[in-house]
Structures are given as C-alpha cells and as structure tokens.
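Observations on the model geometry
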Amino acid sequence: MSDGDLISELYAGCFRRLVVQLYAVTGDLTEAQEAVQEAFTRALVSPRRLAALENPEAWLRRVAVNWARSRYRRRRVLDGLLRRIGPPPTVADHSPEHLALLAALRVLPEGQRHALALHYLVDLPVDEVAATLGVSSGTVKSRLSRGRVALAALLTDTDTSDATTTATGAGTKCATDATETGRIDVRS
C-alpha cells in the first residue's frame with residue numbers, strides 16, 4: 001500500500017469519528033474540524049512513520065487534541081491581554097456618507113487607495129506612507145493628489161439644487177478668473 005493510499009484510507013475511515021471526538025473536547029465543531037485537519041496535515045509530512053504505528057488513528061487523535069489544547073492556551077493568553085488593553089475599538093461608522101466613501105475608495109487604483117488610507121485614515125505622514133509602501137515621497141504625494149481628485153469626482157452630489165446654483169454661480173466667476181489671470185480662485 002502506498003503512502004497516499006494509507007492516508008486516504010485513514011481519512012475516509014476515521015475523519016468523522018475524530019471530528020466527533022474532538023468536538024466533545026473543544027465544544028466547537030469548526031475548531032474540531034481544524035484540529036483533525038491539522039493532524040492529517042502533520043501525518044502527510046511523514047506518512048511512513050504513520051504506517052509503522054500500531055494504531056495510526058490513536059496517533060492522529062493525540063496530535064489533534066494536543067493542537068486543540070495549544071490553541072486554547074494561546075487564545076486564553078490573548079484574551080487576557082485584550083482584557084488588559086480595554087474594550088475593543090468602536091465599529092466603523094455605518095452612515096451613508098461613510099459607506100459612500102468606502103465604495104468610492106474601492107473604485108480607485110490600488111496605489112491611490114493605499115496612499116489615501118494610510119495618510120488620511122491611519123494618519124501617517126507622507127514619509128511613513130512612502131516607507132510603508134516602498135515608494136518615494138513624491139510618488140505618495142502624486143497618488144494622494146490624484147486620489148483626492150478622483151474621490152471628489154466620485155463623491156460629488158449633483159442632485160441637490162443648492163449645489164447646482166452655487167456651482168454655476170461660482171463656476172462662472174472661477175472660469176472668468178482663470179482665463180484672465182491663469183489661476184483659479186479656490187476660496188469659494
């Protein structure tokens with residue numbers, strides 16, 4: 001019998017039984033399935049050693065139980081640390097404006113999205129954003145500028161009548177100023 005056949009036969013014969021046993025140990029079906037899968041993964045590393053065992057199912061059970069216990073201990077330590085830190089941060093805002101911003105960010109190219117998120121949401125300075133992304137500061141500034149322009153286009157609300165009136169009135173003044181002086185008045 002080949003190594004693959006042995007593992008396949010063991011998997012078909014005792015996977016469900018091991019999951020039921022580990023479910024009793026862990027109290028969580030997903031956790032039990034992960035533990036048994038981890039045991040089979042470790043069996044795949046040395047199938048000849050598994051074949052030499054008198055009771056391979058007992059070895060798989062022991063590996064799965066040990067893995068589940070280790071995971072439980074690590075989670076308990078993490079839970080203790082999290083309790084010391086305090087309550088978890090508040091969940092993201094679900095307002096329509098916030099959802100619109102997230103949807104608009106998803107549309108942007110990856111470089112612009114990462115630069116905008118790190119600079120404005122994580123509040124990193126341009127140099128740190130550049131170091132994090134592995135690009136120059138000039139590239140980050142360019143991505144931020146282009147990203148802001150793209151976001152503004154995506155987030156503008158042209159349906160409101162006040163915005164249209166203001167935009168047409170200010171737009172005429174800006175267009176006139178731009179043709180006369182070459183500059184655009186952004187104060188309005």
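Please refer to the structure placed before this passage.
Conventions and cut-offs
Residues numbered from 1 in each chain as written. Predicted model: local features only at pLDDT ≥ 70, side-chain atom pairs only at ≥ 80, totals over all residues. Heavy atoms only, no water. Axes fitted to C-alpha atoms, helices over the stretch in contact; angles between N-to-C directions. Helix = DSSP H or I, 4+ residues; strand = E, 2+ residues; numbered from the N terminus. Parallel < 35°, antiparallel > 145°, perpendicular 65-115°, else oblique. Left-handed = near helix turned anticlockwise from the far one by under 90°. Contact = heavy atoms within 4.5 Å. Nonpolar A, V, L, I, M, F, W, Y, C, P; charged D, E, K, R; others polar. Buried < 20%, exposed > 50% of the residue type's maximum accessible area, 1.4 Å probe, protein only. Core = buried A, V, L, I, M, F, W, Y, C linked by side-chain atoms within 4.5 Å. Phe/Tyr/Trp six-rings, centres within 6.5 Å; stacked < 30°, edge-to-face > 60°.

We now examine the packing of helix α6 (residues 110–121) against helix α7 (residues 126–133). Where α6 contacts α7, the two axes come as close as 9 Å, and the packing angle between them is 135°. Between α6 and α7, the angle is such that the two are oblique. The element α6 and its partner α7 pack so that their crossing is right-handed. Here α6 contributes H114, A115, L118 and H119 to the contact with α7, which in turn contributes V126, V129, T132 and L133. Along the lines of polarity and charge, the residues of the contact of α6 with α7 split into five nonpolar, three polar and no charged.

Before going further, it helps to examine unusual backbone geometry. Here D123, not a glycine, exhibits a phi torsion of approximately 70°, which is positive. Summarising the element assignment, D123 is placed in the loop between α6 and α7. Overall, the relative accessible area of 64% leaves D123 in the exposed class.

Glancing now at the nonpolar core. Within the largest apolar cluster, 22 residues are counted, with the highest numbers of intra-cluster contacts made by L10, L22, V36, F40 and L60. Sort the elements by how many residues they give to this core and helix α1 (residues 3–26) lands first, with eight residues. When sequence neighbours within four positions are dropped, the list of residues in contact with L22 reads G27, A32, A35, V36, A64, V65 and A68. Formed by 13 residues, the second largest nonpolar core is a distinct cluster that contains A115, L118, V126 and L144.

Moving on: the packing of aromatic side chains. Evaluation of the coordinates by the stated rule reveals three aromatic pairs. Here Y11 and F40 contribute two aromatic rings whose centre-to-centre distance is 5.0 Å and whose plane-to-plane angle is 70°, an arrangement assigned as edge-to-face. Placement of the pair is Y11 in helix α1 and F40 in helix α2 (residues 29–45), with a sequence separation of 29 residues. By relative accessible area, Y11 is classed as partly exposed at 40%. A relative accessible area of 5% means that F40 is categorised as buried. Each ring, one from F15 and one from F40, has its centre 6.3 Å from the other, and the planes form 45°; the classification is tilted. A residue pair is termed long-range when its members are at least 10 positions apart, and F15 in helix α1 and F40 in helix α2 qualify at 25 residues.

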